[in-house]
Structure formats: structure tokens, C-alpha cells
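# Structural features, examined
The residues making up each chain are set out below.
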There are 2 protein chains.
Amino acid sequence: MTNDNINHSPCVILVEPQLCENVGMAARAMKNCALKELRLVSPREDHLSDKARAASSNSEEILEQAKVYSSTLEAIGDLQYVLASTARHRDQTKLVLDASDGAREMYKHIMQGAKCGIMFGPERTGLRNEDICLADGIINVPLNPEHCSLNLSQAVLLLGYEYYKLTIGHRSAELVTNHSHAAPKEKVLLFCKHLEDKLSRFANYNDEQKREKLVINLRNIFTRSELTEQELNTLYGIINYLGKKD
Amino acid sequence: MTNDNINHSPCVILVEPQLCENVGMAARAMKNCALKELRLVSPREDHLSDKARAASSNSEEILEQAKVYSSTLEAIGDLQYVLASTARHRDQTKLVLDASDGAREMYKHIMQGAKCGIMFGPERTGLRNEDICLADGIINVPLNPEHCSLNLSQAVLLLGYEYYKLTIGHRSAELVTNHSHAAPKEKVLLFCKHLEDKLSRFANYNDEQKREKLVINLRNIFTRSELTEQELNTLYGIINYLGKKD
């Protein structure tokens, strides 16, 4: 993270992209919008292949600097505010923002010093619920409901474009203060795991399906509130206190 | 012009598009944004070819209804307000609008009953001066000046998107949220109290000042996330489970 500017724009996280051309085209769209940091979760193809480079059309440095992760959690661990781009809401209780409001939220958080990212799912299926529940909110690009499928790079372009407009527009971002110290995602998720571990004998917890649903519910609850580290410590204290059999 | 709706959105005029795939992808982008009318000026390839159809990804009707003209003038002859999309201003004395202002001007004219269109030039060169001078103004999409080249369909998408946003309601949906079922505050507070009761012997809990601070922290955490009633029930279950001494 030598480049200071990197911290001043959201990173783009592509979860399990299928085609390397699409990764290349996403890099091109990023460069169009002055976004710099690309993160890839288990890409199926090589993002440094000739095909990917050609598709990036002079945005190869973004591909070369891209980091590869083996899980979404790992890829967003150090981020403090993450939005998930998805056309469907999937019945999750999450804030849903349109592209321009999403960009504005992102911009606000970045102005307050937070590290931010936008997640995009695999071309064919989009983001899975397990990934969406890690995000602070959902971005839903307003498009013709009869034909709203976008290809990956177009989705990156539209969101990047909305973000870019803010960075050049000097719209005085109303400062909402207290979000400056939101804990990075990895700490929030560590807490969730800690809580989940404590629930080993909780109702239905050995029913795999119900357990998964509960885990997603809990993660939604605790990612939604942008907890600070201090608040996490409070919650740890409470869980441990409650869980102590005396 | 049998379809009334056609008059309620700008038509897209592609001047001498080179590749039929790009025409297909432009049609797809149009459909994404509920634009219907495509006009082609001397396309180099057949816009009804299999390649074009495949690229349109279920937007074939736009290709099939497209009209082909032999000159730009002919293609825009019946229109009353035309904007030219180009990255360069080419020293013309013309109104230059960004994409959202351009869309707004277009929308205003359409609301007043005018027939409008947006012109796009050939992939490699963009619009020629002779074409630009026919337009009422220039639309210049704000993008990273170091890398502002967009492919044709992306340019159509961005302008179509800006237009589409206007048609769906003036940002009246500031925050579209999934929060319709957020629990009423009284239920959230009841939960907080329940949790607080369970903490009677929690660290520092008999220090009045520290207790107050903790209570405020907890209420902040749990009011901030707009919990649903179902989520509250989950949390009750967990607190009770954890607090059970066995």
C-alpha cells in the first residue's frame, strides 16, 4: 500500500470471476473511473494472461497489482465499509442503495478515513448469500426491470462512474462523524465466529441448514451496525460473561 | 412510429459503427436502460447478423426494429433536439454537458414533447466535426482524463443510465431499504433492557457511572442496525441460551 491514493478510492473485489477477459475489462472500467485497487477471490482463470491483458486495454498495471485471495472474508478483512453489488436482494435484511447513493455512502466513509470496497459476484450467478451477508449494504443499479442483467465490467463501470462523479464534483459531503473508527471486517467476523462457537448447543444448532441460516442472520446483524473496536470488546465481554457457567 | 413509448425516450443514433457486435452490445445497453429506438448511419457490418444478435443478449427486437440511414443528417432529420456524445470537444462552439446534465436536458425536451436523440461516432475515431455540428450540444462523460476511452456500448450504457434514472422518479427513492419490517423502537429497547438485566453481575456493573455508559453503548449498538422482530427473537434466544447456567 505504498500509493497513498489507493486509500482514497474504494477497492473492487471480484468474487470468483469466471472469465479472465471480464477481469481485464473490469480493470479497464476501473481505470476509466480512476479506481486503482483490484482484489480477486479465487478467479477461475489467470488474470495475468494475454487475453486478460488485451481486454484491459492499457490498464495492465491494475491487473499486475491485483491481489488474489482464497476467500471473500480474507479479501475484505482489512476493510471497514463494504457494499455488495447485486441485482437481487435475496431476502436479506440489509440496507439497499441505488448506485448513486451507494457511491455517496462510500465516498462519505472514505472521506472519514475508512477503507472501503465494492464486491461483485461471478458472472453467471452473482454474489452468494454468504458473501452478501458480509457487506454493510447492497448496491442495486437502477435499470429496466425487464432487462437488468449487466455484464461484470459494465457493473463495475456504472458504480465506478458514480463514484468518480463525486470525486470531481466537490459536493461537500455532509460529514457524519462517528464512523471513523469502524472495526475492520476481520475483527467483526472474528467476533461473529466467537459467538457462533459459543452456540454449539443452541437450539437447532446441529441442524446444518438451520445453523447456516442462523450464522447468516447473525452476521447480517453485526455487520450492519458498523461496530467500533471498542464496541466489539464490549460485546465480547458480554458474551463471555453470559456464557460463563458458575 | 406506432409505439407511443418510443417518443418518450431519446433514440440512439450510431454513426458508422464498425463492428456488428458493438451494435448488438449497444442494443443490450439500450434495453438495460429502457431505450427502444436505434438508428444506424451506414453501418459497416450487418446489424442483423448472428454475431450482432448474440451480442445483444435478448435485445434482438431493438436490432430488428433499427432503421438504417445513409447519412447522419437523414438519420436525425425528424428529431428536434440532438446531443452528440464525444470525449473531445474539437474546438466547436457548442454547449458541453456532462452525462447527467445532458440526460436532464434531453428529459426536459422530451417532457415538452420534442423528439430527441443521442449520437455516437465510429468506435475508432468518434464523431466527426461534420456530425457534431449538427447537434444542439455535446455530451462529455466525466471520466478519468488519463484513460477516458469507452467502448461504444459502454458510452451508450452510461448515457442511457443517466436518462433512465430521471425517468424512474427524480431520486424520490432516496434510500430504498429492506427495512420495512424494522422492529418498533419499543421492542428494541425491551430487548436492550432484557440484556441489561442479565448483566447484573457483569464487570463494573455496580459502578453506576460505568453501568450507564455500558447501557448507552449497548443501545447504540442495537438501535443502529434497525433490527427486525425476527432478528430480535434470534438475539433473545441467544442471550437466554448463553445466560442459562447448567
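Structure first, text after, so check above.
My aim in this report is to walk through the structure given alongside it, one point at a time. Just so you know, these numbers come straight off a predicted model, no measurement behind them.

Calculation criteria
- Residues numbered from 1 in each chain as written.
- Chains lettered and ligands numbered in written order.
- Predicted model: local features only at pLDDT ≥ 70, side-chain atom pairs only at ≥ 80, totals over all residues.
- Heavy atoms only, no water.
- Helix = DSSP H or I, 4+ residues; strand = E, 2+ residues; numbered from the N terminus.
- Buried < 20%, exposed > 50% of the residue type's maximum accessible area, 1.4 Å probe, protein only.
- Contact = heavy atoms within 4.5 Å.
- Areas by Shrake-Rupley, 256 points an atom, 1.4 Å probe, with all protein chains shown as cover.
- Salt bridge = Lys/Arg side-chain N within 4 Å of Asp/Glu carboxyl O.
- Polar contact = N/O pair within 3.5 Å; in protein donor to acceptor, adjacent residues only side chain to side chain.
- Nonpolar A, V, L, I, M, F, W, Y, C, P; charged D, E, K, R; others polar.
- Pairing = 2+ DSSP bridges.
- Axes fitted to C-alpha atoms, helices over the stretch in contact; angles between N-to-C directions.
- Parallel < 35°, antiparallel > 145°, perpendicular 65-115°, else oblique.
- Left-handed = near helix turned anticlockwise from the far one by under 90°.
- 1 Å grid on protein atoms, 1.4 Å probe; cavity = no way out; pocket = protein on both sides within 12 Å on 5 of 7 lines; lining within 4 Å.
- Points joined across faces, edges and corners; volume = space filled by probe spheres on them.

### Observations concerning the overall build of chain A
Looking only at helices and strands, one finds ten helices and seven strands in chain A. Here chain A holds 246 residues, and the buried ones make up 60% of them. Taking the intrachain contacts of chain A between residues at least 6 apart in sequence as the baseline, contacts between residues at least 24 apart amount to 84%. On chain A, roughly 10200 Å² of surface is accessible, and the fraction owed to carbon and sulfur atoms is 48%.

### Side note on the interface of chain A and chain B
Between chain A and chain B, the contact holds 67 residues from the first and 67 residues from the second. We note a salt bridge from Lys165(B) to Glu162(A), for which the minimum N-O separation is 2.5 Å. Where chain A touches chain B, the interface holds 14 residue pairs in polar contact (both at pLDDT 80 or more). It is helix α10 (residues 229–243) of chain A that contributes the most residues to the side of chain A that touches chain B, ten residues altogether. For the side of chain A that touches chain B, a count of residues per class yields 30 nonpolar, 21 polar and 16 charged.

### Quick look at the sheet that holds strand β2 (residues 38–41) of chain B
Residues and elements named next belong to chain B. What the seven strands build is an open sheet, ordered β3-β2-β1-β6-β4-β7-β5; its pairing is parallel. Only two strands of the sheet have a single neighbouring strand rather than two, namely β3 (67–69) and β5 (95–98). The average angle at which neighbouring strand axes cross in this sheet is 25°, direction not considered. In the sheet, strand β1 (residues 11–15) pairs with β2 via four bridges, with the strands oriented parallel. Across the sheet, Val15 pairs through a bridge with Val41, a residue of β2. The strands that helix α5 (residues 99–111) touches are β4 (81–85), β5, β6 (116–120) and β7 (137–140); relative to β5, the one it contacts most, it runs at about 105°. Across the face of the sheet, helix α7 (residues 152–167) comes into contact with β1, β4, β6 and β7 while running at roughly 150° to β6.

### Here's the deal with the packing of helix α5 (residues 99–111) of chain A against helix α7 (residues 152–169) of chain A
For any two helices packed against each other, the geometry is given by the interaxial angle and the distance between the axes. All names here are of chain A. Interhelical geometry of α5 versus α7 gives an angle of 50° and a closest axis separation of 9 Å. By the angle between their directions, the pair α5 and α7 is classed as oblique. The interaxial crossing formed by α5 with α7 has right-handed handedness. Of α7, the residues touching α5 (which contributes Ala99, Ser100, Ala103, Arg104, Met106, Tyr107 and Ile110) are Leu159, Glu162, Tyr163, Leu166 and Thr167.

### A few points about the environment of Lys210(A)
Residues and elements named next belong to chain A. With respect to the secondary-structure elements, Lys210 resides in helix α9 (residues 208–224). Looking at Lys210, the relative accessible area reads 45%, which means it is partly exposed. Sequence separation between Lys210 and His109 is 101 residues; the distance between their C-alpha atoms is 34 Å.

### Thoughts on the sheet that holds strand β6 (residues 116–120) of chain A
All names here are of chain A. Reading across the sheet, the seven strands line up as β3-β2-β1-β6-β4-β7-β5 and stay open at both edges, with parallel pairing between neighbours. Because the sheet does not close on itself, it has two edges, and the strands there are β3 (67–69) and β5 (95–97). Between one strand axis and the next, the sheet turns by 25° as a mean value, whatever way the strands run. As defined by bridge partners, strand β4 (residues 81–85) adjoins strand β7 (residues 137–139) across three bridges and the pair is classed as parallel. Paired with Ala84 across the bridge in β7 is Ile138.

### Digging into empty space enclosed by the protein
Taken as a whole and assessed by the stated rule, the structure comprises four cavities of 30 Å³ or more. Considering only enclosed or pocket space, the largest cavity measures out at about 90 Å³ in volume. Taken together, Phe191(A), Leu195(A), Phe222(A), Leu235(A), Ile238(A), Ile239(A), Phe191(B), Leu195(B), Phe222(B), Leu235(B), Ile238(B) and Ile239(B) make up the full set of residues lining the largest cavity. Every element with two or more residues in the lining of the largest cavity is listed here: α8 (185–198) and α10 of chain A together with α8 (185–198) and α10 (229–243) of chain B. Taken together, the residues of the lining of the largest cavity break down into twelve nonpolar, no polar and no charged.

### A closer look at the pattern of salt bridges
Residues and elements named next belong to chain A. With the rule as written, the count across this model stands at 35 salt bridges over all chains. Between Lys187 and Glu229 there is a salt bridge; the shortest N-O distance is 3.1 Å. Remark: Glu229 occurs in helix α10 and Lys187 occurs in helix α8; sequence separation between them is 42 residues. Glu229 sits in the partly exposed class, given a relative accessible area of 33%. Here the salt bridges share partners, and the residues they tie into one network are Glu37, Arg39, Lys67, Asp78 and Lys115.

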